[in-house]
Amino acid sequence: MVSRRRPLAVVVLAVAVVATGCSGTGTAGTTGSSPPLPVATVAAPFAGHGSIGQAYVAGITPAAHLVLADAAGRRVGGGTTDDLGSLIVRDLPAGGGYTFREQVGRAWASTRPFRVLAPTDTPPASFYADQHLHVGLNYLTMRDGVRLAATVRLPPGKTLADGPFPTVIEDSGYAVAAPHSLIAAELHVDGETTADPLVPSTATVVGSLLAPLLGFATISLQMRGTGCSGGAFDLFGLPTTYDGYDAVQIAAAQPWVLHHKVGMVGISFSGISQMFVAGTRPPGLAAIAPMSLTDDLYSTGFPGGIFNSGFAGSWLADRVHDAQPAPGGQPWAVAEIATGDTTCLANQDLHGQAQDLAALLKQASHRVPALYDQRSPSTWAATTRVPVFLSGAVQDEQTGGQWPAIIGALAHDPHVWVTMTNGTHIDSLGPGTITRWLEFLDIFVAGRVPQPSPTLASLAPLLYHGLADAPVGPVPPVAYTTEPTPAAARAAFERQPRIRVLMDNGAGSAGPGAFQPVWMAQFPSWPPPTSHTVALHFGAHGALTGPVPAGGAVSFRPDPAARPATSLPSGNPWDALPPYQWAPVTGPSGLGFVTAPLAHDLTAIGPAAVDLWVRSTAADTDLQATVSEVRPDGRELFVQTGELRASDRALDPGASTPAHPVPTYTDPRPLPAGRYTEVRIPLNPVAYSFRAGSRIRVTVTAPGGDRPVWAFDTYRTGGSVTDTVGLGGATPSGLVLTVEPGITPPDAQPACPSLRGQPCRTYVVAANGG
């Protein structure tokens, strides 16, 4: 179901949106800094248009030299139209009276004045109500005149006359609005297959398949600048974000939409987009249910301040391709144009104006607030006011396991429920989550008492075996079905703990690596309020102990060549037991520290960190810290990891805690020569119960080799750099875990391997003894 050749990917670094190779460019100047242009005496034979912070022309003469003037007639930008006759000028202040000017001989031609929009320029209700959607492919007009492709999908066998329907929107830059049926393709109805370019991407399975089969209508919204949608791709720029507002309001105005309110669903790309739309607070939005999102595009694109050259690089290359105008770009647009769709053809005009990658990358190596804040899910999460059902895996190999950081941005919203699990990118959709997801949609979108769903149980083989070659445990039955009223069902749901942590996913009775958690822990908030921190300190000979050693030091030579570029050279990371190649830490390139065998189970649930006091022969060094469990049988289980470029060690003092250092990534500082400096490496959250008799281990290396799919554009040291780590005294290095007291896991220690997202290897003692 989800493509194995192109990961169910997400948004990364890719604020750095795409350069398509077309010739047009637009630049903005400063208002009032130039004398007024000559008076225009000729009407231009084309129109100028305003978007949020932008001005554009589309489909006019290629290679036209245009000047953008403000209301006072002064030049504020301009450029040359591209091969499709289009030009966008960005970063403009909102206001009226803008015109595009073109010199024609000695005269100047001008468009009619137009307004550059602000986010607050919301159209009247009639703008939305006058747009009528039908089953199949539609084109929605946005506030800036751009038209987006949107396909309406009903439950099988239904027509609009059978409505009103509870309705959800899936908003994605993947091929979401391709108008053929993913249900028919997966069930091979009438010879349909996923090879048909007009079948939506399997990455949109939540809206294209699951929701309709479970009784919801879906509106599959194609992000601007992709597929058959107009506009230029600018990953979560303000025009894209407010497209979501407009689409929600258009959908809510439809007579066949139940309660004139819609929800939003989706995983990965279409999970992330929900947080942006919810942050704009459209009145027609009932609830959102994002799966496998990220907290911040920078944290996925530059983990620890280091470019993610693996997943981020490949994902970005795909976005570059998808944003090209047909006959490049997404195949479904090419196929749709071939059917005679003239709107899709016209909508290609602005695709060549996708933002310039090289220019954005110059800013992206550090977290520039002006670039990233508007593209951060956490920024928009802070302004949401609708119920949220959030799910993800803490070893997510695509968007990354750091995503629970977004929970803090949602703390103001009392109607937020979170499910986290060990596992991979698609485990947010696993059977331990999907029933509660359906209960949430029934209650908060459909406004009904949840009903038993035999369809959900029957979908499991189709869904999970299509996603991965992995067995699946039973799908839990739908709860709250006996509540007398929708209000009673909602009240019962709201009494549940806000945070669920599914444990030992993959170790259930269905077989090793199955989509099946064994037990769960529940809490009212995150981090768990009953938890406490435990500090374990690095010592001589690779010891990891509670007491702080008296002092000492140990050195290693970080060398990314000693860590493979990826730990999944082949296979699918979502399969039951994928062919991980998780190399041991050997030789002078890394350090290991390990506890004595534990006397009791120790359950760590929450943030974690490795604090290093470092002295380096280089002005900067990249560091990776990984936590694992060493079993009595000599096997070693991956638990969690994190990275940090030492120059990015400056922390946000208001957000950082003993277990959760929060680098700003805005204040790079070289390491001081010849003396120790504290470098606190944030690890992704830990959700694991270390068993009695096992040992907790920490390894410190150059980044790489401990995550499938991710790779790092790290310093190529060739082993010539020496990093020295302080051991106790005035330089106490070690591990900080968030530990939940009083939890004893009900299951035996899971086999190694068996847990999803957690590979195993044979334990090899590091050179320093740990």
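The coordinates are above.
Structure report, in brief. (Residues numbered from 1 in each chain as written. Predicted model: local features only at pLDDT ≥ 70, side-chain atom pairs only at ≥ 80, totals over all residues. Heavy atoms only, no water.)

Remarks on the overall build of the protein chain
Logical step 1: When helices and strands are tallied, the protein chain shows 15 helices and 33 strands.
Logical step 2: The globule rule puts the C-alpha radius of gyration for 770 residues at 27 Å, and the 27 Å found for the protein chain is close to it.
Logical step 3: Here the C-alpha coordinates of the protein chain stretch approximately 85 × 65 × 45 Å along the principal axes.
Logical step 4: A total of about 25500 Å² of accessible surface is found on the protein chain, and carbon and sulfur atoms cover 57% of it.
Logical step 5: Treating the 45 positive side-chain charges of the protein chain as one cloud and the 56 negative ones as another, the clouds have centres 5 Å apart. (Helix = DSSP H or I, 4+ residues; strand = E, 2+ residues; numbered from the N terminus. Rg over C-alpha atoms; globule rule 2.2 N^0.38 Å. Areas by Shrake-Rupley, 256 points an atom, 1.4 Å probe, with all protein chains shown as cover. Lys, Arg positive; Asp, Glu negative; His and termini not counted. Charge placed at Lys NZ, Arg CZ, Asp CG, Glu CD.)

Concerning the side chain of Ser86
Logical step 1: For Ser86, the location among the structural elements is in the loop between strand S6 (75-80) and strand S7 (87-89).
Logical step 2: Taking the relative accessible area as the measure of exposure, Ser86 reaches 0% and is therefore buried.
Logical step 3: Discounting residues that sit within four places of it in the chain, Ser86 has contacts with Val57, Ala58, Gly59, Thr80, Thr81, Asp349, Leu350 and Gln353. (Buried < 20%, exposed > 50% of the residue type's maximum accessible area, 1.4 Å probe, protein only. Contact = heavy atoms within 4.5 Å.)

Re the sheet that holds strand S4 (residues 54-57)
Logical step 1: Strand order in this open sheet of three strands is S3-S4-S7, and the pairing throughout is antiparallel. Looking at strand neighbours, the two that pair on one side only are strand S3 (49-51) and S7, the edges of this open sheet. Looking at each pair of strands side by side, their axes are set apart by 25 degrees on average, direction ignored.
Logical step 2: Note: S3 against S4, three bridges, orientation antiparallel. The residue of S4 that forms the bridge with His49 is Tyr56. (Pairing = 2+ DSSP bridges. Axes fitted to C-alpha atoms, helices over the stretch in contact; angles between N-to-C directions.)

With respect to unusual backbone geometry
Logical step 1: Looking along the chain, the bond that leaves Gly163 and enters Pro164 is cis, with omega of 5 degrees.
Logical step 2: Summarising the element assignment, Pro164 is placed in the loop between strand S12 (147-153) and strand S13 (165-172).
Logical step 3: Cis rather than trans, the peptide bond between Trp526 and Pro527 has omega equal to -10 degrees.
Logical step 4: Inspection of the secondary structure assignment puts Pro527 in the loop between strand S20 (519-523) and strand S21 (532-538).
Logical step 5: The phi dihedral of His260 is positive, around 50 degrees, even though this residue is not glycine.

Notes on the packing of aromatic side chains
Logical step 1: Counted by the stated rule, this structure contains 26 aromatic pairs.
Logical step 2: Ring geometry for Phe302 and Phe307: centres 5.5 Å apart, planes at 45 degrees, overall tilted.
Logical step 3: Of the residues examined, Phe302 reaches a relative accessible area of 6% and is grouped as buried.
Logical step 4: When its relative accessible area of 22% is taken as the criterion, Phe307 is described as partly exposed.
Logical step 5: An aromatic cluster is present here, built from Tyr174, Phe236, Tyr242, Phe269, Phe276, Trp315 and Trp380 joined pairwise through their rings.
Logical step 6: The aromatic ring of Tyr715 is capped on one face by Arg645, whose charged end is 4.2 Å from the ring centroid.
Logical step 7: Over the face of the ring belonging to Phe515 we find Arg756, whose NZ or CZ atom lies 3.9 Å from the ring centre. (Phe/Tyr/Trp six-rings, centres within 6.5 Å; stacked < 30°, edge-to-face > 60°. Lys NZ or Arg CZ within 6 Å of the ring centre and 35° of its normal.)

Topic: helix H7 (residues 311-322)
Logical step 1: An ideal rise of 1.5 Å per residue puts 16 Å on 12 residues; H7 measures up with 16 Å between its terminal C-alpha atoms.
Logical step 2: For H7, the set of buried residues is Phe311, Ala312, Trp315, Leu316, Asp318, Arg319 and Asp322. When H7 is viewed along its axis, its buried side chains cluster within an angular range of 160 degrees and face the same direction. (Expected span 1.5 Å × (residues − 1). Arc of directions from axis to C-beta.)

Some thoughts on the side chain of Ser299
Logical step 1: Following the sequence through the fold, Ser299 ends up in helix H6 (residues 297-301).
Logical step 2: Among the polar contacts made by the side chain of Ser299, one reaches the side chain of Asp295 at a distance of 2.7 Å.
Logical step 3: Once residues within four sequence positions are removed from consideration, Ser299 is found in contact with Thr294, Gln402 and Trp710. (Polar contact = N/O pair within 3.5 Å; in protein donor to acceptor, adjacent residues only side chain to side chain.)

Regarding the pattern of salt bridges
Logical step 1: Taken as a whole, this structure holds 21 salt bridges when the rule is applied.
Logical step 2: The residue Arg143 makes a salt bridge to Asp246 at a minimum N-O spacing of 2.8 Å. One end of the pair, Arg143, is in the loop between strand S11 (136-141) and S12; the other, Asp246, is in helix H4 (residues 238-252), with 103 residues separating them in the sequence. The same class applies to Arg143 as to Asp246, namely buried.
Logical step 3: Close ionic contact of Asp296 with Arg367 constitutes a salt bridge, the shortest N to O distance being 2.7 Å. With Asp296 in the loop between strand S16 (285-291) and H6 and Arg367 in the loop between helix H10 (357-364) and helix H11 (369-372), this residue pair connects regions lying 71 residues apart in the sequence. The pair formed by Asp296 and Arg367 is uniform in burial state, with each residue classed as buried. (Salt bridge = Lys/Arg side-chain N within 4 Å of Asp/Glu carboxyl O.)

Observations regarding the sheet that holds strand S27 (residues 635-645)
Logical step 1: Judged by pairing direction, the sheet is antiparallel, and its five strands sit side by side in the order S24-S29-S26-S27-S33 without closing on themselves. For this open sheet the edge positions go to strand S24 (591-594) and strand S33 (760-762), each flanked by a neighbour on one side alone. Between one strand axis and the next, the sheet turns through 30 degrees on average, direction left out of account.
Logical step 2: With seven bridges joining them, strand S26 (residues 622-630) and strand S29 (residues 695-701) adopt antiparallel strand pairing.

Some details on the pairing of S4
Strand residues, when the strand is regular, have side chains that alternate between the two faces of the sheet.
Logical step 1: The alternating pattern of S4 places Gln54 and Tyr56 on one face and Ala55 and Val57 on the opposite face, and all of these are buried.
Logical step 2: Two successive antiparallel strands, S3 and S4, enclose a turn made up of two residues, where Gly53 displays a positive phi of approximately 70 degrees.
Logical step 3: In this sheet, S7 lies alongside S4 in antiparallel orientation, the contact comprising three bridges. The partner of Tyr56 across the bridge, within S7, is Ile88.

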